[in-house]
Amino acid sequence: MSRSLREVVFVDGVRTPFGKAGPKGIYAETRADDLVVRCIRELMRRNPTLPADRVDEVAIAATTQIGDQGLTLGRTAALLAGLPKSVPGYSVDRMCAGAMTAVTTTASGIAFGAYDVAIAGGVEHMGNHPMGEGVDPNPRIISEKLVDPSALVMGSTAENLHDRFPHLTKERADAFALASQQKYAKALANGKIGPELVTMATRSAENGWGVATVDEPPRPQTTLEGLGTLKTPFRPHGNVTAGNAAGLNDGATSCLLAAEDVALELGLDIGMRLVGYGFVGVEPEVMGIGPVPSTERALARTGLTIEDIGLFELNEAFAIQVLAFLDHFGIADDDERVNMWGGAIAVGHPLASSGVRLMTQLSRQFAERPDVRYGLTAMCVGLGMGATVIWENPNWEGAAK
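Rules of the game
The residue numbering used here restarts from 1 in each chain and proceeds along that chain's sequence as written. The model is predicted, so local features are restricted to residues of pLDDT at least 70 and side-chain atom pairs to those at 80 or more, both for listing and for counting; the totals for chains, interfaces and linings are taken over all residues. Only heavy atoms go into the side-chain values, all of them from the structure, while hydrogens and water stay out. For the purposes of this entry, the term helix denotes a DSSP run of H or I that reaches at least four residues, the term strand denotes a run of E that reaches at least two, and both are numbered from the N terminus. Throughout, radius of gyration means the C-alpha value; the globule benchmark is 2.2 Å times the number of residues raised to the power 0.38. We call two residues in contact whenever any of their non-hydrogen atoms come within 4.5 Å of each other. Computed by Shrake-Rupley with a 1.4 Å probe, the accessible areas treat only the displayed protein chains as cover when residues are assessed. Buried, partly exposed and exposed residues are distinguished by accessible area as a fraction of the type maximum, computed with a 1.4 Å probe on protein chains only: under 20%, between the cut-offs, and over 50%, respectively. Working definition: a disulfide is two cysteine sulfur atoms within 2.5 Å of each other. Working rule for helices: expected span equals 1.5 Å times residues minus one. Nonpolar cores are built from buried Ala, Val, Leu, Ile, Met, Phe, Trp, Tyr and Cys residues. Side-chain atoms within 4.5 Å join them into one set. Salt bridges are identified by distance alone: a Lys or Arg side-chain nitrogen within 4 Å of an Asp or Glu carboxyl oxygen. Working definition: a ring pair exists when centres of Phe, Tyr or Trp rings (six-membered ring for Trp) sit within 6.5 Å. Plane angles under 30 degrees give stacked, over 60 give edge-to-face, the rest tilted.

Q: Explanation requested: the overall build of the chain in the structure shown.
A: Scanning the chain for helices and strands turns up twelve helices and twelve strands. Taken over C-alpha atoms, the radius of gyration comes to 20 Å for the chain, in line with the 21 Å a tight globule of 401 residues would show. Across its three principal axes, the chain shows a C-alpha extent of roughly 60 × 55 × 50 Å. Sequence-distant contacts, at least 24 apart, represent 80% of the contacts inside the chain between residues at least 6 apart. Per element, the accessible surface of the chain, about 16400 Å² overall, is 53% carbon and sulfur.

Here is the structure:
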């Protein structure tokens, strides 16, 4: 039999406010699975024309799959969210690109015809579960020198990237970090950040119950002078600081994906159309360079060029990692197409959840920018990988022509 692939669309995306990891963070006494359950429930509430039994799959990512982030989280979250028991689910782990992989995997199933509708997302409670908790790395990785020991420390890989590209200085990284904080603050003031947020109940034995309504990590008071005084924890006289890197964060995301014909049938919005994606491996010691070859692969597979991309949502794990991407493709550090509403340096990076944050923001930017046809979401991935997904704007004004 012959098969034809179906168009896959991003319908809607939501996230919890992101919190600071640790005993003083807003989610210090909140369960990780409850964060993602809240997102799934909100997706269903916001899309009332979608019957719950039409959801064919729930894929939820977590980097540290232990405790309240374990037990096949996609399935348990679906049950806890009140979806019918007939809706299956599973967990995903591709470190930082977990939610992104949940999207591309379920989207591929939709294109193939195995699903009509899927929910994909991610959660990371880095306060409850620091990266690497409970793992037992095979000693051969180090003893046989498969990777440099620095490959297992993300901040050290960022310092290695500074070594590789010495013209991408700490001063440039600090300037990029400051711009991220400023763009986020401006977007928040203008109402660009907020519509995608779901309020989240919080609990504190000391302070009682509360409600998280805004992101906790942003530092709008940041100055270039202040950034210049911060310590470099990964090496003496280094370049990577707490100011030009994403923090340790808690948060969850979820999105709704569907075949385009099914979305139209059910009266669902079409926020973006999937064009293609690419995942690659790179030297683990310089994992931050990953989005360069993954983007080149995605562009080559889709027949597009970097000049076709009108909007970029790049995960700011470290400023140097984004600068390396921009430098490779000949894009200015302050190009207006890049992270229009700020990025992870300001808002935070709860590892496996971040991919869907990027997509949700790009989708909402598409709605405002009918002059832009294609956008790109990309991120570096721990242990030396890159991930890129390319999307098309259904509101593109050239489509009518």
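Next, the rest of the story.
Q: Looking at this structure, how should I read helix α2 (residues 73–80)?
A: An α-helix turns once per 3.6 residues; consequently, residues spaced three or four apart project the same way. Taken residue by residue, α2 has Leu73, Gly74, Thr76, Ala77 and Ala78 as its buried positions. Against the buried residues of α2 lie α1 (32–46), β3 (57–61), β4 (89–92) and β5 (117–125). Phi for Gly82, located one or two positions after α2, is positive at around 90 degrees.

Q: Before we go on, may I ask you to explain the state of the cysteines in this structure?
A: What makes a disulfide is a covalent bond joining the sulfur atoms belonging to two cysteines. Scanning all chains against the criterion turns up zero disulfides. Looking at Cys96, it has no disulfide partner, and the nearest cysteine sulfur is the one in Cys380, 6.1 Å off. On the basis of relative accessible area, Cys96 is assigned to the buried category, the value being 7%. Note on Cys255: no disulfide assigned, nearest cysteine sulfur contributed by Cys39 at a separation of 11 Å.

Q: Any chance you could explain the environment of Met131 here in plain terms?
A: Residue position: Met131 is located in the loop between β5 and α4 (140–143). Expressed as a C-alpha distance, the spacing of Met131 and Ala332, which sit 201 residues apart in the sequence, is 32 Å. Contact partners of Met131, with chain neighbours within four places excluded, come to Thr64, Met95, Met154 and Leu351.

Q: Teacher, can you tell me more about helix α9 (residues 291–302) here?
A: Compared with the 16 Å implied by 1.5 Å per residue over twelve residues, the 16 Å span of α9 between its first and last C-alpha is a close match. In this structure, the buried residues of α9 make contact with β9 (272–281), β10 (309–314), α10 (319–328), β11 (374–381) and β12 (385–392). Among the residues trailing α9, Gly303 stands out with phi positive, at a value near 75 degrees.

Q: Hey, could you run me through the environment of Val14 in this one?
A: Here Val14 shows up in strand β1 (residues 8–15). The exposure class of Val14 is buried, given its relative accessible area of 1%. Linking Val14 and Ile40, residues 26 residues apart in sequence, is a C-alpha distance of 8.4 Å. Aside from chain neighbours lying at most four places away, what touches Val14 is Cys39, Glu42, Leu43, Arg46, Glu196, Val198, Thr253, Ser254 and Thr360.

Q: How should the nonpolar core be read in this particular structure?
A: Across soluble globular proteins, nonpolar side chains have a tendency to be buried as a group. Counting residues in hydrophobic clusters, the biggest one holds 75 residues, and the most contacted among them are Val58, Ile119, Val123 and Trp391. By residue number, the principal contributor to this core is α1, which donates eight residues. Each residue touching Val123, except ones within four places of it in the same chain, is listed here: Ala32, Leu35, Val36, Ile60, Ala61, Ala62, Gln69, Leu73, Gly251, Ala252, Ala352 and Ser353. Residues Phe176, Leu299, Leu304 and Leu326 belong to the second largest nonpolar core, which totals 42 residues.

Q: Can you walk me through the pattern of salt bridges in this structure?
A: When charged atoms on two side chains of opposite charge get close, those side chains can pair. Taken as a whole and assessed by the stated rule, the structure comprises 22 salt bridges. Across the pair Arg15 and Asp215 runs a salt bridge, and its minimum N-O distance is 2.7 Å. Here Asp215 lies in the loop between β7 (208–212) and α7 (224–228) and Arg15 lies in strand β1, a separation of 200 residues in the sequence. Using a relative accessible area of 2% as the deciding quantity, one classes Arg15 as buried. When salt bridges with common partners are traced through the structure, they connect Arg6, Arg54, Asp116 and Glu265 into a single cluster.

Q: When you look at the packing of aromatic side chains in this model, what are you seeing that I'm missing?
A: For any pair of aromatic rings, the description rests on two quantities: the centre-to-centre distance and the angle between the ring planes. Evaluation of the coordinates by the stated rule reveals four aromatic pairs. A centroid spacing of 5.9 Å and a plane angle of 80 degrees characterise the contact between Phe10 and Trp391, whose relative ring orientation is edge-to-face. With Phe10 in strand β1 and Trp391 in strand β12, the pair connects residues that are 381 residues apart, well separated along the chain. Across the pair, exposure class does not vary: Phe10 and Trp391 are buried alike. Arranged with centres 6.2 Å apart and planes meeting at 75 degrees, the rings of Phe312 and Phe325 form a pair that is edge-to-face. Here the residue Phe312 occupies a position in strand β10, and Phe325 occupies one in helix α10, the gap between them amounting to 13 residues.

The analysis is restricted to geometry; functional conclusions fall outside its scope.
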